Amino acid sequence: MHVSEGGVDIEVPDARDGASEGTGDDVFYNPTQELNRDVTVAVLRAFREREPRAESYLDAMAASGIRGVRAAAEGYDVTCADLDADAVELAQSNLDAAGTGGEAVHRNANALMYDSVFDVVDLDPFGTPMPFADPAFANTRDLVCVTATDTAPLCGAHQKSGIRKYGCVPQNTDYHPEMGLRVLVGAMVRTAARYDKAAVPILSHATRHYARTYLELDERATKADELLESTGFVYHCEDCLHREAEYSLIAHPPEECSNCGSTRILEAGPIWLGPISDAEFVESVRDEVTDDFGSAKRARRMLDTLAVELDTPTHFDQHRLCKLWGRSASKMEEFLDAVRDAGFDATPAHYHGTAFKTDATVAEIREATAHLDPEA
Ligand SMILES: C[S@@+](CC[C@H](N)C(=O)[O-])C[C@H]1O[C@@H](n2cnc3c(N)ncnc32)[C@H](O)[C@@H]1O
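Sequence order as written defines residue numbering, which begins from 1 separately in each chain. Note on the predicted model: pLDDT of at least 70 is required for a residue's local features to be given, and 80 or more for side-chain atom pairs to be given and counted; whole-chain, interface and lining totals, by contrast, use all residues. Side-chain calculation: all heavy atoms of the structure are included, whereas hydrogens and water are not.

Novice: Run through the site of the ligand, naming residues and quoting values.
Specialist: A molecule or strand has a residue near it when one of that residue's heavy atoms lies within 4 Å. If you check the shell around the ligand, you find 18 residues, and the closest are Met61, Arg67, Asp82, Ala109 and Asp124. For the ligand, an oxygen atom lies 3.4 Å from a polar atom in the side chain of Arg37. Gly is placed with the polar residues, together with every amino acid not listed as nonpolar (Ala, Val, Leu, Ile, Met, Phe, Trp, Tyr, Cys and Pro) or charged (Asp, Glu, Lys and Arg). Here the residues of the shell around the ligand are counted per class, giving 11 nonpolar, one polar and six charged. Between N or O atoms, a polar contact is any pair within 3.5 Å; within protein, one atom must be a potential hydrogen donor and the other a potential acceptor, and residues adjacent in sequence are included only when both atoms are from side chains.

Here is the structure:
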């Protein structure tokens, strides 16, 4: 079947609508990841402005080669790798048909990444990227792009699996997309630090199906030390949804919630507590989204939100709060204006329409918005 994405034409076996995991024998192609790939192309365009020496791009888990072909169309010197011989054949024929240059190789991505140095490496596996993280950070020069589709382990819904994969304790909270991203980024930062490198997240986003982060590499060990200072713990009250962050590699959980006195405190960490994106870079990526992207409208909306999203390590969900307080929900802008009018910062969060970030505590949000439903 023929697919056209971002002005690039490729052949794929069939489009399995809604597929998010590899099932069956066909070479994998997931149409629902188009936004992920569109943003990747915009990142590759913006990144070259930031780091002009970036030329080589490894599509480490290529499948049909759609990412590699799209990167090659942007002028990158592309290698597509896959363990599956049928995928390699298809990726090579897609590269050839596009006339962009580029080579598909039948290699285990881990062996290839240890053998060769690439400027940009893109990890897009089934499930967790952790089995590929070490060679990616050991050898890549400039940028590592990472998708994780194992959202249940990442956000703590499958906690034991999350602990095994990511070497930290994730917790299932009302801010699970944020938890997932911060578990993922934390694990990437720690992996890079093993090689005395700093992996700085310059753009990260999450949806129901996956988390995606772009990490710029800095070879200074002192910078890696600095980044580790932005990892730590979140303490979450299961009763009133109050949360606190502690920047430390050693946890000192409170015995009780400082807001409601409950002892039902969840402890998550060590996770990434610093910024998940660089606002200036996000804006430059947004400017690189072009109308030929199938997801142009959604990508621009998401990047606009991300560019101004606060750096707080957790987000709130207005509906969850209002349900807890026995109130009816308000329009999002009205709700956020009330929080701002009380002197706090508040921005929508890109995860979904009722998610927001603020520097106000749960008690301060409650007080600031009480007048919106005086009956409650
Ligand atoms: C989710 S698919 C990649 C999708 C593709 N990047 C896209 O955007 O459509 C994962 C691919 O990784 C390949 N794979 C799994 N383990 C691998 C390994 N160790 N080295 C290289 N490829 C691998 C699988 O054969 C599969 O084609």
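And the narrative resumes.
Novice: Could you give an account of the packing of aromatic side chains, with specific residues and numbers?
Specialist: In this analysis, rings of Phe, Tyr and Trp, with Trp reduced to its six-membered ring, are considered paired at centre separations within 6.5 Å, and the interplanar angle assigns stacked below 30 degrees, edge-to-face beyond 60, and tilted for intermediate values. If you walk through the whole model with that rule in mind, you get five aromatic pairs. Considering the side-chain rings of Phe316 and Phe356, the 5.7 Å spacing of their centres and the 25° angle between planes classify their relative orientation as stacked. Note that Phe316 is positioned in strand S13 (residues 316-317) and Phe356 in strand S15 (residues 355-358), a separation of 40 residues in sequence. Exposure class is identical for Phe316 and Phe356. Each is buried. These aromatic residues form a ring-pair network of at least three members: Phe316, Phe335 and Phe356. A cation sits over an aromatic face here: Arg70 above Phe293, 5.4 Å from the ring centre. Criterion for a charge above a ring: Arg CZ or Lys NZ at most 6 Å from the ring centre, at most 35 degrees from the ring normal. The cationic tip of Arg243 hangs over the ring face of Phe316; the distance from NZ or CZ to the ring centre is 3.8 Å. In this description a helix means any DSSP run of H or I spanning at least four residues, a strand means any run of E spanning at least two, and both kinds are numbered starting from the N terminus. Accessible area is worked out with a 1.4 Å probe on protein chains only. A residue is then buried under 20% of its type maximum, exposed over 50%, and partly exposed in between.

Novice: Which residues make up the pattern of salt bridges, and what values do they have?
Specialist: Take a side-chain nitrogen of Lys or Arg and a carboxyl oxygen of Asp or Glu: if they are within 4 Å of each other, that pair is a salt bridge. Under the counting rule described, the total for this entry stands at 26 salt bridges. One salt bridge in this structure joins Glu226 and Lys223, with 3.6 Å as the shortest N-O distance. Separated by three residues within a single helix, Glu226 and Lys223 lie in helix H9 (residues 221-228), roughly one turn from each other. For Glu226, a relative accessible area of 45% puts it in the partly exposed group.

Novice: I'd like a rundown of the UniProt feature "binding site: Zn(2+)" (unreviewed entry) in the chain, residues and numbers included.
Specialist: On the UniProt side, "binding site: Zn(2+)" (unreviewed entry) is annotated at positions that read Cys237, Cys240, Cys257 and Cys260 here. Sequence-wise these annotated residues cover 24 residues; spatially they are packed, their C-alpha atoms never more than 8.6 Å apart. With respect to the secondary-structure elements, Cys240 resides in the loop between strand S10 (231-237) and strand S11 (243-246). Only heavy atoms enter the contact rule, under which two residues are in contact if any of them lie within 4.5 Å. If sequence neighbours within four positions are ignored, Cys240 has contacts with Cys257, Asn259, Cys260, Leu324 and Val362. With respect to the element layout, Cys260 can be found in the loop between S11 and strand S12 (265-272). Relative accessible area serves as the criterion here: at 39%, Cys260 is assigned to the partly exposed category. If we skip the residues at most four places from it in the chain, Cys260 touches Cys237, Asp239 and Cys240. UniProt positions are given in the numbering used here, feature names are shortened, and annotations may be inferred rather than shown by experiment.

Novice: Could you give me a rundown of helix H14 (residues 362-369), with the residues and numbers involved?
Specialist: Of all the residues in H14, the buried ones are Val362, Ile365, Ala368 and Thr369. One side of H14 holds all its buried residues, which, seen down the axis, span an arc of 130°. Each C-beta atom gives one direction from the helix axis, and the arc is the one those directions make.

Novice: Give a description of the side chain of Asp317 that names residues and reports values.
Specialist: The residue Asp317 is located in strand S13 in this model. An unpaired buried charge is present at Asp317: no salt bridge exists, and Arg320, the closest side chain of opposite charge, is 6.6 Å distant. In contact with Asp317, other than residues within four places in its own chain, are Asp174, His352, Thr354, Ala355 and Phe356. By the counting rule applied here, Lys and Arg register as positive and Asp and Glu as negative, while His and the ends of each chain are not counted.

Novice: If you had to explain the UniProt feature "binding site: S-adenosyl-L-methionine" (unreviewed entry) in the chain to someone new, which residues and values would you point to?
Specialist: The UniProt record marks Arg37, Arg67, Asp82 and Ala109 with the feature "binding site: S-adenosyl-L-methionine" (unreviewed entry), using the residue numbering of this structure. Structurally, Asp82 can be placed in strand S4 (residues 77-82). The exposure class assigned to Asp82 is buried, which follows from its relative accessible area of 14%. A polar contact of 3.4 Å, which involves the side chain of Asp82, links it to the backbone nitrogen of Ala62. Within the secondary structure, Ala109 is located in helix H4 (residues 109-115). On the basis of relative accessibility, which here comes to 5%, the residue Ala109 falls in the buried class.

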